[in-house]
Amino acid sequence: MRTIARTQTTARRIARLRTLSVAGLATTGAAAAALTMVSSPAQAAEAKPSTASASGIAASQAKPAGKGGKTHTNNLDGWIKESLAIMKAKGIPGSYDGLKRNIMRESGGNPQAQNNWDVNAKKGTPSKGLLQVIQPTFNAYHVTGTANELTDPVANITAAANYAAHRYGSIDNVNSAY
């Protein structure tokens, strides 16, 4: 019985790795080529109308960032930079590289990514957004001055970095699912 359970666990892990590898390669390749992320039809259908989908965001669009009048592009690079400005103002540690590494692992850079298969999803609280945060964690670590919406890219990054700072010292110290 133990051998069967181990075999099933190994098979599930291999299947998950294959899925993540293919999705990661496709997403990374698309992001590198176009600097925009495209939602799948299923993810686009799940997105709330008030939330901009990744496919509708052009790399050249700019929006005001946090305090100081700086502007950042409305794409992954800009969201990270805006989050870093807020994090700096609030004393939350983290680096561009640490944020981007974790974002690419967790969502492939898709702000509408949603995990519908893990233990949190099975309990009714799926992980969402760039850094795959669950709603209770977002609520507890939301940073004032960011949107109060889990899938808002800047709010998601900043809340996840705040959580990681409290739990691990910094998002830079996170090298796997957290």
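Structural notes, computed from the coordinates. (Residues numbered from 1 in each chain as written. Predicted model: local features only at pLDDT ≥ 70, side-chain atom pairs only at ≥ 80, totals over all residues. Heavy atoms only, no water.)

### Considerations on the overall build of the protein chain
Okay, so step 1: When you go through the protein chain residue by residue, the secondary structure sums to 7 helices and 4 strands.
Okay, so step 2: Counting helices and strands in the order they occur from the N terminus, the protein chain gives α-α-β-β-α-α-β-α-β-α-α.
Okay, so step 3: Classification of the 178 residues of the protein chain by burial places 37% in the buried group.
Okay, so step 4: Taking as baseline every contact in the protein chain between residues at least 6 positions apart, the subset at least 24 positions apart corresponds to 47%.
Okay, so step 5: Surface accessibility of the protein chain: about 10,100 Å² in total, with carbon and sulfur atoms responsible for 56%. (Helix = DSSP H or I, 4+ residues; strand = E, 2+ residues; numbered from the N terminus. Buried < 20%, exposed > 50% of the residue type's maximum accessible area, 1.4 Å probe, protein only. Contact = heavy atoms within 4.5 Å. Areas by Shrake-Rupley, 256 points an atom, 1.4 Å probe, with all protein chains shown as cover.)

### Concerning the pattern of salt bridges
Okay, so step 1: Scanning all chains against the criterion turns up 2 salt bridges.
Okay, so step 2: Here Lys81 and Asp77 are joined by a salt bridge, their closest N and O atoms 3.1 Å apart. A residue pair is termed a helical-turn pair when its members lie 3 or 4 positions apart in one helix, as Lys81 and Asp77 do in helix H3 (residues 76-90) at 4 residues.
Okay, so step 3: Accessibility expressed as a relative area gives 37% for Lys81, which makes it partly exposed.
Okay, so step 4: Here Glu106 makes a salt bridge to Arg105, at a shortest N to O gap of 3.3 Å.
Okay, so step 5: Assessed through its relative accessible area of 32%, Arg105 is described here as partly exposed. (Salt bridge = Lys/Arg side-chain N within 4 Å of Asp/Glu carboxyl O.)

### Focus on the packing of H3 against helix H4 (residues 96-106)
Okay, so step 1: Two numbers describe how H3 lies on H4: the axes approach to 10 Å, and their chain directions differ by 130°. Relative to H4, H3 is oriented oblique. For H3 against H4, the interelement crossing comes out right-handed. Where H3 approaches H4, its residues Leu76, Asp77, Ile80, Lys81, Leu84 and Met87 are matched on the opposing element by Tyr96, Leu99, Lys100, Ile103 and Met104.
Okay, so step 2: The residue makeup of the contact of H3 with H4, split by class, is 8 nonpolar, no polar and 3 charged. (Axes fitted to C-alpha atoms, helices over the stretch in contact; angles between N-to-C directions. Parallel < 35°, antiparallel > 145°, perpendicular 65-115°, else oblique. Left-handed = near helix turned anticlockwise from the far one by under 90°. Nonpolar A, V, L, I, M, F, W, Y, C, P; charged D, E, K, R; others polar.)

### Some points on unusual backbone geometry
Okay, so step 1: Even without being glycine, Gln132 reaches a positive phi, approximately 50°.
Okay, so step 2: Within the element layout of this structure, Gln132 appears in the loop between strand E4 (127-128) and helix H6 (135-141).
Okay, so step 3: When its relative accessible area of 13% is taken as the criterion, Gln132 is described as buried.

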